[in-house]
Amino acid sequence: MKVPYVNFPQQFKEAREQTLTAFTAVMERGDFIQGREVAEFEGEFAKFCGVKHAIGVANGTDSLILCMRAVGIGPGDEVITTSNSWISSASSIALIGARPVFVDVSADQNMNPALLERALTKKTKCIMPVHLTGRAARMPEILAIAARHHIPVLEDAAQAIGASVGGIKAGAGGLFSSFSLHPLKNLNATGDAGVITTNDDEMNTKLRMLRNHGMRNRDEIDFWGYNSRLDTVQAAILLPRLRQLPEIISKRRTNAKRYVAALADIVECPVERDDEFHTYHVFVVQCDRRDELQAFLLQRGIETKIHYPIPIHLQKAASGLGYRLGDLPVTERQMKRILSLPVHQFLSAQQVDLVVDSIREFYKT
Ligand SMILES: *Cc1c(COP(=O)(O)O)cnc(C)c1O
């Protein structure tokens with residue numbers, strides 16, 4: 001028995017009919033750009049997140065960039081985020097000419113609100129909490145600090161569609177939020193795709209123009225904009241998947257609970273607080289002898305990942321920011337201890353149990 005980390009062939013096998021039907025409908029009409037299903041998908045996505053507007057874009061990185069552009073962030077500005085994230089959280093800030101500032105995290109791998117206030121400066125123009133692993137950052141605390149200082153919050157909710165904390169759904173707490181629908185995310189396209197959510201009417205109008213060349217209408221361009229639209233084909237394939245998302249999340253939660261029940265005494269497992277709903281985009285354990293364990297599991301046919309082996313502040317790309325080893329002690333300690341176990345919706349209970357048994361066996365030896 002093998003335990004793959006993802007299983008795209010199985011996803012297609014179970015949804016062959018709906019996928020090909022969606023694809024064919026778009027081919028037959030030919031409205032490839034800003035077509036029928038884009039608006040339909042945006043409407044359902046907004047409803048799912050409990051927000052007024054959803055704006056389809058080309059990918060999750062662009063969605064971060066467009067949001068920060070929409071409020072005029074650029075050279076000389078600072079944006080606060082966390083370092084153990086996918087590179088886009090910081091590259092989006094750097095690419096618009098601003099400076100990424102990293103605050104350390106808590107045991108849950110998300111921004112530690114207690115460290116946020118001291119990272120603020122006169123140049124801080126945005127706070128970007130990342131909802132890492134499918135678990136929302138502490139939004140009640142972060143939003144309170146942001147409100148006190150009149151700084152907009154941009155949620156990097158790329159991994160966390162469907163998550164919530166303190167009654168606030170991912171994508172519904174900040175001025176705007178960014179989602180990725182990359183093939184590896186819980187709600188996944190068959191290529192690149194992204195979404196921005198916002199409750200702000202002005203931002204909605206601006207972002208719709210920014211993603212489409214700054215066009216007011218077919219002939220008039222109000223400002224320099226991007227070509228960053230969600231393809232109609234992707235929207236069509238995503239629509240039925242969005243309707244199936246609660247079930248996908250529920251299966252992931254079942255797998256995660258099975259892991260926690262069987263492993264919490266030997267490795268550090270995520271502890272879901274009473275006020276949160278974790279979607280388990282990634283199931284991360286924190287453990288000793290991580291690299292040895294990963295090799296041991298691979299010998300048993302169990303594929304695991306590390307999200308991420310090098311935090312952004314220690315990447316070569318970030319060397320100009322002046323961070324050094326020791327600057328973010330909690331992030332750096334987690335970097336050596338985190339291991340992502342397979343948790344996807346196509347796992348059987350037997351596969352989860354094999355992972356459990358193998359981990360228990362490793363720590364006995
Ligand atoms: C996937 C991801 C992104 C970027 O999404 P793309 O669609 O690949 O551009 C940004 N932030 C985080 C935390 C992600 O996991």
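Predicted, not measured: the structure shown is a model, and the values here were computed from it.

K.L.:
What is the right way to read the sheet that holds strand E3 (residues 99-102) from this model?
P.N.:
Remark on secondary structure: sheet strands pair via backbone hydrogen bonds, oriented parallel or antiparallel. Read across the sheet, three strands follow the order E3-E2-E4 without closing on themselves; strand pairing throughout is parallel. Either end of the sheet is taken by a strand with one partner, and the two such strands are E3 and strand E4 (124-127). Mean inter-strand twist for the sheet, computed between neighbouring axes without regard to direction, equals 30°. Where strand E2 (residues 78-81) lies against E4, three bridges are found, and the strand directions are parallel. Across the sheet, Glu-78 pairs through a bridge with Thr-124, a residue of E4.

K.L.:
Sorry, what's going on with the domain arrangement of the protein here?
P.N.:
For interface size, the figure often reported is the accessible area lost on association. Entries for the protein in the domain assignment read domain 1 (8-243) and domain 2 (245-364). Look at where the C-alpha atoms of domain 1 and domain 2 centre, and you get two points 24 Å apart. Contacts between the two partners involve 43 residues from domain 1, matched on the other side by 35 residues from domain 2. When domain 1 packs against domain 2, close to 3300 Å² is buried across both sides, 52% of that on carbon and sulfur atoms.

K.L.:
Would you explain the pattern of salt bridges in this entry?
P.N.:
A side chain of one charge can pair with a side chain of the opposite charge when the charged atoms of the two come close. In the structure shown here, the tally under the stated rule is 24 salt bridges. One salt bridge in this structure joins Asp-31 and Arg-29, with 3.1 Å as the shortest N-O distance. What makes Asp-31 partly exposed here is its relative accessible area of 22%. Here Asp-77 makes a salt bridge to Lys-125, at a shortest N to O gap of 2.9 Å. Residue Asp-77 is located in the loop between helix H4 (60-70) and E2, and its partner Lys-125 is located in strand E4; the two are separated by 48 residues in the primary sequence.

Each value, and the rule that gives it
- Residues numbered from 1 in each chain as written.
- Predicted model: local features only at pLDDT ≥ 70, side-chain atom pairs only at ≥ 80, totals over all residues.
- Heavy atoms only, no water.
- Pairing = 2+ DSSP bridges.
- Helix = DSSP H or I, 4+ residues; strand = E, 2+ residues; numbered from the N terminus.
- Axes fitted to C-alpha atoms, helices over the stretch in contact; angles between N-to-C directions.
- Domains from an automatic or database assignment.
- Contact = heavy atoms within 4.5 Å.
- Buried area = accessible area lost by both parts, 1.4 Å probe.
- Salt bridge = Lys/Arg side-chain N within 4 Å of Asp/Glu carboxyl O.
- Buried < 20%, exposed > 50% of the residue type's maximum accessible area, 1.4 Å probe, protein only.

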